[in-house]
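Descriptive structure summary
Residue-level listing of the chains:
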Amino acid sequence: MTTAILGTGSYLPENTVSNDELANYMDTSDEWISTRTGIRRRHISKGETLTDMAFFAAQEAMENSGIPAEKLDLIIVATVTADCITPSEACLLQERLGAVNAICFDMNAACSGFLFALNTAHLYLQGGMAEHALVIGAELLSKIMDWGDRSTCVLFGDGAGAVVLGKGEHGIKNVIMGSDGARGKALLCSGRPLENLFIKQEVEFPYVHMEGQEVFRFAVRQVPECIEELLQQASVRVGDIRYFILHQANIRIIQSVAKRLQVDIDKFPINLSECGNTSAASIPILLAALNRDGKLQSGDNVILSGFGGGLTWGAVLIEWQ
Ligand code: COA
C-alpha cells in the first residue's frame, strides 16, 4: 500500500486583475508581462484571509474524497504567508474545519512547499502515524509584494489548493527533493526586524525581492534534472507520463523543461495565464482543476514538480488511483 490522493480542491479569490488593469497602477503593459511570462491575469484578495482560502479549498477536497473532518489526523499547510505567526495556519484551519483529531503544523519551502508537505504527510501515513491527511498549499502573496517593484509584483497571485490523502493501492511512487540555501538570496523576503529593549533595527518593510534572471536560470536547469533523476529512480520512461504538473511560475520555464525532456508541451497543463504564480498553491490548484475536469484517469502516471525560494526543488511521481 502507498499514499493515494483521495480528493482535491481549490479556491481563488473573487477579484481578478488583468495585466491591463495593473498598467493603470504602474509602468507596465500586457505585452511586456504576457510575452515574458505567459501571465494575463491573477486573483488578488480584496478581503479573503489565508484561512478563508485554505478552508474553501479544504472543504472541496474533503467533499471530493468523502473523508469527514473528524477522520483527519494530520493537517499540513505549506505557506510563506500565514495569517498569524502563531497559531499556525494549520491550527487556524483545524478550528474552522472542526478537525479535532488532527495534529497540525505549517511548512515553509516557498514554491516547493506543497511537494515538501505532500512528502511529509506521505511519510506519516507510511510510518503508521496517520490514516488520513489534509495537505494544503495556500498563499496570500499580495501582502508581501512591493507594489512599487514592477519586475516582481506583476508575477504573483493569491490562492489555495488542497488534497486529502489516505492509503491506497496506487498513489505516490517516487520522490526527489533538494535544497540549496547558499543561493537563497535570489528570492528573498526578510522577516520582522530585531526590535527589543536593547536594539531597534532600521530596515525596510520586508517585501519579496527577486533576482529574476538568476531564478530563471536555476529553474530551467534544476527542474528537468530532478525530473530525469525521478524517472531514472522509478525506472519509468518519459513517454509513460500522462501529465507533468509543474509549479506555475513562467510559461518560458515550462516550455524549456518540455524541450529539454523532449516531451510535447500539451502534456504540461497550464493555468498561470489566469492565476499568475501562486507559489505553494500553484500545483494543488492545477491538480484540482484537472481532477474536476475529469482529465486524470486511474492508472495515469503524473509527475508534480516544484521549485523556488530557498532555493528548493522537488518532483513526485504519482500513479492516479
Ligand atoms: N513591465 C515593463 N517593464 C518591466 C517590467 C514590467 N512589469 N519589469 C521589468 N521591466 C523592465 C526592466 O526595468 C528592464 O528595463 P531596462 O532594460 O530599461 O533596464 C527590462 O524590463 C528588462 O528587465 P529584466 O529583468 O532583464 O527582464 P527579464 O527578461 O529577465 O524578465 C522576469 C524578468 C522576472 C520576467 C524573468 O527574469 C523571469 O521570469 N524570471 C523567473 C522568475 C520566476 O519565475 N520566479 C518565481 C520562481 S518560483
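Cut-off values and rules
- Residues numbered from 1 in each chain as written.
- Predicted model: local features only at pLDDT ≥ 70, side-chain atom pairs only at ≥ 80, totals over all residues.
- Heavy atoms only, no water.
- Near = heavy atom within 4 Å.
- Polar contact = N/O pair within 3.5 Å; in protein donor to acceptor, adjacent residues only side chain to side chain.
- Helix = DSSP H or I, 4+ residues; strand = E, 2+ residues; numbered from the N terminus.
- Nonpolar A, V, L, I, M, F, W, Y, C, P; charged D, E, K, R; others polar.
- Buried < 20%, exposed > 50% of the residue type's maximum accessible area, 1.4 Å probe, protein only.
- Pairing = 2+ DSSP bridges.
- Contact = heavy atoms within 4.5 Å.
- Expected span 1.5 Å × (residues − 1).
- Core = buried A, V, L, I, M, F, W, Y, C linked by side-chain atoms within 4.5 Å.
- Domains from an automatic or database assignment.
- Disulfide = S-S within 2.5 Å.
- 1 Å grid on protein atoms, 1.4 Å probe; cavity = no way out; pocket = protein on both sides within 12 Å on 5 of 7 lines; lining within 4 Å.
- Points joined across faces, edges and corners; volume = space filled by probe spheres on them.

1. Some details on the site of the ligand
The environment of the ligand is made up of 22 residues, and the closest members are Thr28, Arg150, Gly212, Gln213 and Asn250. In the model, an oxygen atom of the ligand is placed 2.8 Å from a nitrogen or oxygen of the Gln213 side chain. One nitrogen or oxygen atom from the side chain of Asn250 is found 2.7 Å from an oxygen atom belonging to the ligand. The leading source of residues in the shell around the ligand is helix α7 (residues 212-234), at 4 residues. Split into classes, the residues belonging to the shell around the ligand amount to 10 nonpolar, 9 polar and 3 charged.

2. Some thoughts on the pairing of strand β7 (residues 158-168)
Burial analysis of β7 places 10 of its 11 residues in the buried class, which makes it a mostly covered element. Two strands pair when backbone bridges link them, and strand β1 (residues 2-11) and β7 are joined in this way by 9 bridges, in the antiparallel orientation. Considered in β7, the bridge of Gly7 is made with Val164. Two elements, strand β6 (residues 133-140) and β7, share 8 bridges in a ladder whose sense is antiparallel. When the bridges of β7 are listed, Leu134 appears paired with Val164.

3. Side note on the side chain of Ser142
Residue placement: Ser142 occurs in the loop between β6 and α6 (150-153). A distance of 2.8 Å separates the side chain of Ser142 from the side chain of Asp158, its partner in a polar contact. With near-sequence residues (within four places) excluded, Ser142 lies in contact with Ile44, Ser45, Trp147 and Asp158.

4. Some details on α7
Compared with the 33 Å implied by 1.5 Å per residue over 23 residues, the 33 Å span of α7 between its first and last C-alpha is a close match. Looking only at α7, the buried set comprises Val215, Phe218, Ala219, Val220, Gln222, Val223, Pro224, Cys226, Ile227, Leu230 and Leu231. One or two steps after α7, the chain reaches Ser235, where phi turns positive at roughly 50°.

5. Considerations on the nonpolar core
Judged by nonpolar contacts, the single largest core of 47 residues is most densely connected at Ile227, Phe244, Leu246, Val257, Phe268, Ile303 and Phe307. Mapped by element, the contributors of at least two residues to this core are β10 (208-210), α7, β11 (243-246), α8 (251-261), β12 (301-308) and β13 (312-319). For this core, the domains that each give at least three residues are domain 1 (2-169) and domain 2 (174-319). Beyond its immediate stretch of four places on either side in the chain, Phe244 contacts Ile227, Val238, Leu261, Val263, Lys267, Phe268, Pro269 and Ile303. Core analysis: the next-biggest nonpolar cluster, separate from the first, contains 33 residues, Ile76, Ala121, Ile283 and Leu286 among them.

6. Here's the deal with the pairing of β12
Along β12, 8 of the 8 residues are buried, which leaves the element largely enclosed by surrounding structure. The alternating pattern of β12 places Asn301, Ile303, Ser305 and Phe307 on one face and Val302, Leu304, Gly306 and Gly308 on the opposite face, and all of these are buried. Taken together, the 4 bridges between β11 and β12 define a ladder with parallel strand orientation. Within β12, the residue paired with Tyr243 across the bridge is Val302. The turn joining β12 and β13, which pair antiparallel and follow one another in sequence, is formed by 3 residues; a positive phi near 140° is taken by Gly310.

7. As for the state of the cysteines
Per the counting criterion, the structure on display carries 0 disulfides. Between Cys189, a free cysteine, and Cys111, which holds the nearest cysteine sulfur, the sulfur-to-sulfur gap is 12 Å.

8. Describing the layout of surface pockets
Its boundaries defined by the atoms lining it, the largest pocket holds a volume of some 860 Å³. Val80, Thr81, Ile144, Cys189 and Ser190 are the residues nearest the centre of the largest pocket, which is lined by 30 residues in total. Among the elements that take part in the lining of the largest pocket, strand β9 (residues 187-189) stands out by supplying 3 residues, more than any other. The residue makeup of the lining of the largest pocket, split by class, is 17 nonpolar, 9 polar and 4 charged. A domain-level breakdown of the lining of the largest pocket finds at least three residues from each of domain 1 (2-169) and domain 2 (174-319). In this structure, the second largest pocket spans a volume of roughly 440 Å³. Counting residues per element, the ones that place at least two in the lining of the second largest pocket are α2 (30-37), α6, α7, α8 and β12. Considering every element that reaches the lining of the second largest pocket, the biggest residue donor is α7, with 4 residues. Within the lining of the second largest pocket, the residues separate by chemical class into 11 nonpolar, 9 polar and 2 charged. Formed jointly, the lining of the second largest pocket draws a minimum of three residues from each of two domains, domain 1 (2-169) and domain 2 (174-319).

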